[in-house]
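Breakdown of the fold
One letter stands for each residue in the lines below.
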Amino acid sequence: MAKNKTTETQSSVTDFINTVEDEAKRNDAFELIKIMQQITGFEPKMWGPSIIGLGSYHYKYASGHEGDAPLAAFSPRKSATTVYFFLSENTEKELTKLGKHKSSKACIYIKKLTDIDIEILKKIILLSIKEVQNLYPTK
């Protein structure tokens, strides 16, 4: 079975964010950490070389593939900040109210936090966490 590429590391979150060239993106990253800490109660950790995750859960698919993933996560990428979430009917409804963004099956792409409604983002993150915890309850 293939090994997961994205695992929790001991790298410094602050050091990573400080390598982000765009000052506004750096500031948004620190703000997203505050938001996600508020929601999860966890400290940020690096997952792989470029994902900042808070909390974790263990998943196991019907195929037998299993691993760990962050409960809430994002990455300040060059083109946009990527916020990872679990897509459900509930989160899909909230995406329509979020503001200026793009999305895919499990990601929201945001150019800057001022383009979106932060309260809706918080709601999406919380809904995503609840869905994950329902699917993969901790023992």
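Before reading further, recall that the structure is shown in the block above.
Residues numbered from 1 in each chain as written. Predicted model: local features only at pLDDT ≥ 70, side-chain atom pairs only at ≥ 80, totals over all residues. Heavy atoms only, no water.

Notes on the environment of Thr9
Here is the rule we go by: Under the scheme used here, helices are H or I runs from DSSP no shorter than 4 residues and strands are E runs no shorter than 2 residues, and both carry numbers assigned from the N terminus. Contacts: residue pairs with any heavy atoms within 4.5 Å of one another.
Examined against the element boundaries, Thr9 turns out to sit in the segment before helix H1 (13–17). As for Thr9 and Pro137, which are separated by 128 residues in sequence, their C-alpha atoms are 23 Å apart. Residues in contact with Thr9, not counting those within four places in the same chain, are Met46 and Gly48.

Observations concerning the pattern of salt bridges
The criterion, for reference: For this analysis, a salt bridge means a side-chain nitrogen from Lys or Arg found within 4 Å of a carboxyl oxygen belonging to Asp or Glu. Note on exposure labels: buried denotes an accessible area under 20% of the residue type's maximum, exposed denotes more than 50%, and partly exposed covers the range between, all computed with a 1.4 Å probe on protein chains only.
Taken as a whole, this structure holds 3 salt bridges when the rule is applied. The salt bridge partner of Lys123 is Glu94, with a shortest N-O separation of 3.5 Å. Here Lys123, found in helix H4 (residues 118–135), pairs with Glu94, found in helix H3 (residues 89–95); they are 29 residues apart in sequence, far enough to count as distant. The class for Glu94 is buried, based on a relative accessible area of 7%. The partner of Glu119 in a salt bridge is Lys122, and the shortest N-O contact between them spans 3.3 Å. Of this pair, Glu119 and Lys122 both sit in helix H4, separated by 3 residues, roughly a single helical turn. We classify Glu119 as exposed; its relative accessible area is 53%. Lys122 sits in the partly exposed class, given a relative accessible area of 21%. A cluster of three or more residues bridged by salt bridges with shared partners is formed by Glu94, Lys97 and Lys123.

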